[in-house]
Amino acid sequence: MAPALLLRLSFAVVLGLAASVAQTAPLPESEGEVAGNGGQRLALKRASDAVLGVQSTATEDASTIDTLGERRAGSGVVIASDGLVLTIGYLILEAEEVELVLDSGKRMPARVVGYDLASGFGLVQAVLPLGIEPAQMGQAHTVAEGDPLLFVSGGDDGALSAAQLVSRRGFSGYWEYHIDGALFTSPARPDHSGAGLFNAQGELIGIGSLLVPSAQGDGTRRAGNMFVPVDLLPPVFAELRERGLSRASMRAWLGVNCVEQDDGLRVMRVSRDSPAETAGLRPGDVIRRLDGASVGGLESFYKMLWNGGGAERDLTIEVLREGQMQSVRVHSIDRTQTLRRARGI
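Residues numbered from 1 in each chain as written. Predicted model: local features only at pLDDT ≥ 70, side-chain atom pairs only at ≥ 80, totals over all residues. Heavy atoms only, no water.

(A) Examining the nonpolar core more closely. Counting 54 residues, the largest nonpolar core has Val-77, Leu-100, Leu-130, Phe-198 and Met-226 as its most contacted members. Contacts of Phe-198, omitting those with residues within four sequence positions, involve Ala-47, Val-51, Val-77, Ala-135, Leu-149, Leu-150, Val-152, Glu-203, Leu-204 and Ile-205. Membership of the second largest hydrophobic core comes to 22 residues, among which are Ala-252, Leu-265, Ala-276 and Val-328. (Core = buried A, V, L, I, M, F, W, Y, C linked by side-chain atoms within 4.5 Å. Buried < 20%, exposed > 50% of the residue type's maximum accessible area, 1.4 Å probe, protein only. Contact = heavy atoms within 4.5 Å.)

Given below as structure tokens:
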């Protein structure tokens, strides 16, 4: 844990890197120059201290073990004085056990509070007092492209570095997921899962989700990371704390992983025991139409699926299979009802 602690103390280096990345100011000549801005330095230290490690073990019969594995590790950010931690949901999805890893190396038990399928956020609660001051919440929509940011991960290999916002746009994942206003940063880091993204005032603006090959979104091969903006949290926060999920998460699910191509959406994988598998959809099928309407790209397909009626309903999907058009009847279900929970929850 010593390397992470040392990294967290060197804010002169981090602020210098941030200025260099944004090309808005020269590198500081000395730590005294940086320390002159004491308020910002303390705010960034508080931000860094609020990030810790998150480790989980999935339930024995978890359906997500196939794609996410049984044991998962990443980061989370303390957002309330009672030890509430915001992380990326896939780390704690169908988790039987959760531990928080502090800078000291100490491991603290935690319980899952909620998982928001719609945004991808997860909430966990420390069982014992953490003694960690929570991060200040910011507003992602106020950050401009090119602004210098602070990327902080926690756990045994926790580290911090400067980052830059290179684009903000909608993001559609192949696993039936879409959010608006996703934050894309550079340079890329592999320890993104649940990591905190902070603005220059030390306010949390995003939670790390993915490593992406093109952060700019224009085809340029500039690898980076995708963060879920914290702006998506307030509308669902009360529901997550009270019910463990949001109403927005209770939507139609098929269980297909698709990628966009010129002639439609190609099915790459069908989830085990999903509506798509039951209906006979196969990898290689190209989805053309949903209930008679052209699907377009992933975003339009998902919104037609989610906004076209109740979570559980009969759908007609037209696919191109081995050169022939076929109609497949699928009965969608509420994905939240299929997820396993820890015993006793």
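Next comes the rest of the write-up.
(B) The side chain of Ser-167, seen in detail. Residue placement: Ser-167 occurs in strand 9 (residues 160-173). Here Ser-167 falls in the buried class, since its relative accessible area comes to 5%. Of note is the side chain of Ser-167, whose polar atom sits 2.6 Å from the side chain of Arg-169. In this structure, Ser-167 is in contact with Glu-145, Ala-182, Leu-183, Phe-184, Ala-215 and Gln-216, ignoring residues within four places of it in sequence. (Helix = DSSP H or I, 4+ residues; strand = E, 2+ residues; numbered from the N terminus. Polar contact = N/O pair within 3.5 Å; in protein donor to acceptor, adjacent residues only side chain to side chain.)

(C) Inspection of the sheet that holds strand 1 (residues 51-58) at higher detail. As summarised here, the arrangement of the six strands in space is 1-2-3-6-5-4, forming a closed barrel in which the pairing is antiparallel. Looking at each pair of strands side by side, their axes are set apart by 40° on average, direction ignored. Bridging between strand 3 (residues 84-88) and strand 6 (residues 121-126) involves five bridges; their strand directions are antiparallel. The partner of Ile-88 across the bridge, within strand 6, is Phe-121. (Pairing = 2+ DSSP bridges. Axes fitted to C-alpha atoms, helices over the stretch in contact; angles between N-to-C directions.)

(D) Geometry of the environment of Leu-211. Following the sequence through the fold, Leu-211 ends up in strand 12 (residues 203-212). Using a relative accessible area of 49% as the deciding quantity, one classes Leu-211 as partly exposed. Between the C-alpha atoms of Leu-211 and Asp-191, which are 20 residues apart in sequence, the distance is 8.9 Å. Aside from chain neighbours lying at most four places away, what touches Leu-211 is Ala-188, Arg-189, His-192, Gly-224 and Asn-225.

(E) Quick peek at the pairing of strand 20 (residues 324-331). Here eight bridges tie strand 19 (residues 314-321) to strand 20, and the two strands are oriented antiparallel to one another. Considered in strand 20, the bridge of Thr-316 is made with Arg-329. Where strand 19 folds back on strand 20, the antiparallel hairpin that results is connected by two residues, among which Glu-322 adopts a positive phi of roughly 50°.

(F) The arrangement of the packing of aromatic side chains in detail. According to the stated counting rule, one finds eight aromatic pairs in the structure shown. Judged by centre distance (6.3 Å) and plane angle (55°), the rings of Phe-171 and Phe-184 are tilted. Here the residue Phe-171 occupies a position in strand 9, and Phe-184 occupies one in strand 10 (residues 177-186), the gap between them amounting to 13 residues. Judged by its relative accessible area of 14%, Phe-171 falls in the buried class. Relative to Tyr-302, the ring of Phe-301 has its centre 6.0 Å away and its plane inclined at 40°; by these criteria the two rings are tilted. Taken individually, Phe-301 and Tyr-302 each receive the classification buried, so the pair is uniform in this respect. Members of the aromatic cluster, connected to one another through ring pairs, are Phe-171, Tyr-174, Trp-175, Tyr-177 and Phe-184. Sitting over the ring of Trp-306, Arg-251 keeps its end group 3.5 Å from the ring centre. (Phe/Tyr/Trp six-rings, centres within 6.5 Å; stacked < 30°, edge-to-face > 60°. Lys NZ or Arg CZ within 6 Å of the ring centre and 35° of its normal.)

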